[in-house]
Amino acid sequence: GPDELLPSGLYNKSFTMSNSTPTTDNESDKKKFKEDKSPSSPSRVLHLRQIPNDVTEAEVISLGLPFGKVTNLLMLKGKSQAFLEMASEEAAVTMVNYYTPATPCLRSQPVYIQFSNHKELKTDNLPNQAKAQAALQAVNATQSGNLAITSGLAPEAGSLPGQSSVLRIIVENIFYPVTLEVLYQIFSKFGSVLKIITFTRNNQFQALLQYAEPMSAYYAKMGLDGQSIYTACCTLRIDFSKLSNLKVKYNNDKSRDFTRLDLPSGDGQPPLEPSIATPFGTPNIIFPSYAGAPGFAPAVGFPQGAVATPGASGQMTIPNATSVSGNSVLLVSNLNPEAITPHGLFILFGVYGDVHRVKIMYKKKENALVQMADATQAQLAMSYLNGQKIYGKVLRATLSKHQVVQLPREGQEDQGLTKDYSNSPLHRFKKPGSRNFQNIFPPSATLHLSNIPPSITVDDLKKLFANTGSTVKAFRFFQKDCKMALIQLSSVEEAVHALIELHNHDLGENHHLRVSFSKSTI
């Protein structure tokens with residue numbers, strides 16, 4: 001349907017805009033925002049090129065929305081270009097990192113994105129800005145939930161704040177098997193997927209999928225509802241579920257909890273219903289390549305063939321999500337070489353999995369390799385830490401091409417930059433079924449403290465954090481359990497530094513402080 005071609009799916013539910021946009025062709029405009037020749041350092045302003053002429057403001061804004069708030073927009077219609085300003089540099093960096101390997105498309109035309117030389121967009125006195133401002137206002141109203149989102153978008157909740165992070169997905173018109181892995185790959189583009197349960201009801205393939213954040217569920221519904229996974233078949237129908245949390249008993253091809261690698265597979269499961277297991281239609285049909293097919297590629301901006309590649313037999317060959325691309329080594333870049341240490345990376349990445357080895361590059365100390373216990377933990381750490389500011393720089397994390405981190409040979413000069421932590425007592429996820437699997441949250445300004453000995457007071461803890469350079473905004477002990485507390489610092493970055501410095505800090509009486517990120521605020 002026409003929906004397949006329109007990546008404006010992110011909003012065509014909340015408001016529509018006319019396509020007859022006047023071009024911004026006056027000369028002063030072009031001089032003021034002349035083409036950025038070579039992008040310099042990161043900026044929260046992004047320069048977009050090769051934009052189709054008939055694209056609406058809303059469609060351009062939709063490219064930025066999954067990454068954060070879009071604060072300004074300038075369309076240079078005559079030149080097929082636009083400038084998009086994000087609320088923060090972190091959001092812009094995450095967006096560029098995401099779209100660099102996976103070129104996004106608008107109206108099935110590839111669009112190129114780079115950092116602009118402008119640090120902010122001043123568009124107040126430019127003509128023809130009314131439309132862009134109207135589009136921004138509509139989006140931001142929707143996003144902050146001031147506007148009860150109508151048209152059945154969040155029927156249970158009425159507006160965004162109380163909305164569930166669980167989606168119910170129905171796949172219609174199945175000509176090729178849709179597996180849990182395919183869903184994982186598609187929905188991971190919008191945020192961290194924690195759990196998926198698939199089942200067949202009323203002869204329809206259905207799934208329940210839980211994100212770490214309700215916002216991710218909201219964007220995924222906006223962006224994917226009505227889209228087709230493959231050209232003209234396997235259409236997604238998505239609604240918010242009334243469930244707020246999924247309980248997964250088994251990790252297998254029907255259900256998976258990506259936060260609990262210790263679950264049994266429950267082998268007595270019946271195999272997939274034959275109607276879904278065998279691709280129908282003629283087995284020699286091979287999907288059109290994803291470069292410009294009106295399936296997902298244009299709308300969601302997948303890299304070519306990222307969804308699934310059919311084998312010659314018509315059977316799908318899909319990378320297995322349990323071994324998400326199989327690699328457990330991350331390349332971490334743009335670090336502050338003055339401040340970062342192997343121990344610091346071990347503690348920070350250790351929040352999202354068990355870190356086995358860390359190597360800071362001898363010749364280029366802003367880069368490091370971090371080897372996690374497995375690929376799912378690497379994926380989790382990457383999704384939570386990429387784009388996070390640490391020691392004044394925005395950290396980048398991607399999968400490395402290395403499969404393992406090599407230890408230095410005997411006598412090889414290394415300056416202590418490579419460390420093996422495989423036997424560390426500080427691993428948070430060693431014990432199968434550990435409660436820590438349920439308490440994985442994105443970096444936050446509020447930290448959860450535990451293992452506090454009885455003799456330690458509020459003031460002792462406030463002092464401890466103040467000594468690491470933190471500004472303590474709020475503090476409270478848990479009423480039921482004085483071994484635990486929440487402490488709120490003045491920024492996420494400050495909390496990251498404090499966690500690195502104080503996790504496992506010796507508080508005396510044989511108690512070592514445990515620090516993790518919290519979803520609560522005080």
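Refer to the preceding data block for the structure.
Thresholds, definitions, all that
Residues numbered from 1 in each chain as written. Predicted model: local features only at pLDDT ≥ 70, side-chain atom pairs only at ≥ 80, totals over all residues. Heavy atoms only, no water. Pairing = 2+ DSSP bridges. Helix = DSSP H or I, 4+ residues; strand = E, 2+ residues; numbered from the N terminus. Axes fitted to C-alpha atoms, helices over the stretch in contact; angles between N-to-C directions. Contact = heavy atoms within 4.5 Å. Phe/Tyr/Trp six-rings, centres within 6.5 Å; stacked < 30°, edge-to-face > 60°. Buried < 20%, exposed > 50% of the residue type's maximum accessible area, 1.4 Å probe, protein only. Parallel < 35°, antiparallel > 145°, perpendicular 65-115°, else oblique. Nonpolar A, V, L, I, M, F, W, Y, C, P; charged D, E, K, R; others polar. Salt bridge = Lys/Arg side-chain N within 4 Å of Asp/Glu carboxyl O.

A. Spatial organisation of the sheet that holds strand E2 (residues 70-76). Spatially, E2-E3-E1-E6 is the arrangement adopted by the four strands of the open sheet, whose pairing is antiparallel. Where the open sheet ends on each side, the last strands, each with one partner, are E2 and strand E6 (112-115). For this sheet the average axis-to-axis angle between neighbouring strands, irrespective of direction, equals 20°. Inspection of the sheet shows E2 paired to strand E3 (residues 81-86) by six bridges, in the antiparallel sense. The partner of Leu 73 across the bridge, within E3, is Leu 84. Sitting on the sheet, helix H3 (residues 57-64) touches strand E1 (45-49), E2 and E3, and the angle it makes with E2 is about 135°. Against the sheet, helix H4 (residues 89-99) touches E1, E3 and E6, its axis set at about 140° to E6.

B. Representation of the packing of aromatic side chains. Counted according to the given criterion, the structure contains eight aromatic pairs. When the ring of Phe 67 is compared with that of Tyr 98, the centres are 5.5 Å apart and the planes differ by 50°; the resulting orientation is tilted. Of the two residues, Phe 67 sits in the loop between H3 and E2 while Tyr 98 sits in helix H4, which places them 31 residues apart along the sequence. Phe 67 sits in the buried class, given a relative accessible area of 18%.

C. How the structure looks around the sheet that holds strand E20 (residues 396-399). Taken in spatial order, the five strands make up an open sheet running E20-E15-E17-E16-E21, and their pairing is antiparallel. Looking at the sheet topology across the chains shown, the edges are occupied by E20 and strand E21 (418-420). Looking at each pair of strands side by side, their axes are set apart by 20° on average, direction ignored. One ladder, built from four bridges, connects strand E15 (residues 329-333) with E20; its direction is antiparallel.

D. Summary view of helix H13 (residues 492-502). For H13, the tally of buried residues reaches nine of 11 residues, placing the bulk of the element in the interior. Of all the residues in H13, the buried ones are Glu 493, Glu 494, Ala 495, Val 496, His 497, Ala 498, Leu 499, Ile 500 and Leu 502. Looking at the buried residues of H13, the elements they touch are helix H10 (342-349), strand E18 (389-390), strand E22 (446-450), helix H12 (458-466), strand E24 (485-489) and strand E25 (514-517). One or two residues past the end of H13 sits Asn 504, with phi positive at roughly 75°.

E. Fine view of the packing of H10 against H13. Two numbers describe how H10 lies on H13: the axes approach to 9 Å, and their chain directions differ by 110°. As judged from the angle between their axes, H10 and H13 are roughly perpendicular. On H13, the residues touching His 343, Gly 344, Ile 347 and Leu 348 of H10 are Val 496, Leu 499 and Ile 500. Tallied by class, the residues present in the contact of H10 with H13 amount to five nonpolar, two polar and no charged.

F. Summary view of the pattern of salt bridges. On inspection of all chains with the given rule, the structure shows 12 salt bridges. With a shortest N-O distance of 3.5 Å, Asp 253 and Lys 254 are connected by a salt bridge. We classify Lys 254 as buried; its relative accessible area is 16%. Arg 357 is the partner of Asp 420 in a salt bridge, and the nearest nitrogen-oxygen pair spans 2.9 Å. Highlighted residues: Asp 420 in strand E21 and Arg 357 in strand E16 (residues 355-360), separated in sequence by 63 residues. Of the residues examined, Asp 420 reaches a relative accessible area of 36% and is grouped as partly exposed. Taken together, the shared-partner salt bridges connect Arg 44, Glu 85, Glu 120 and Lys 122 into one network.

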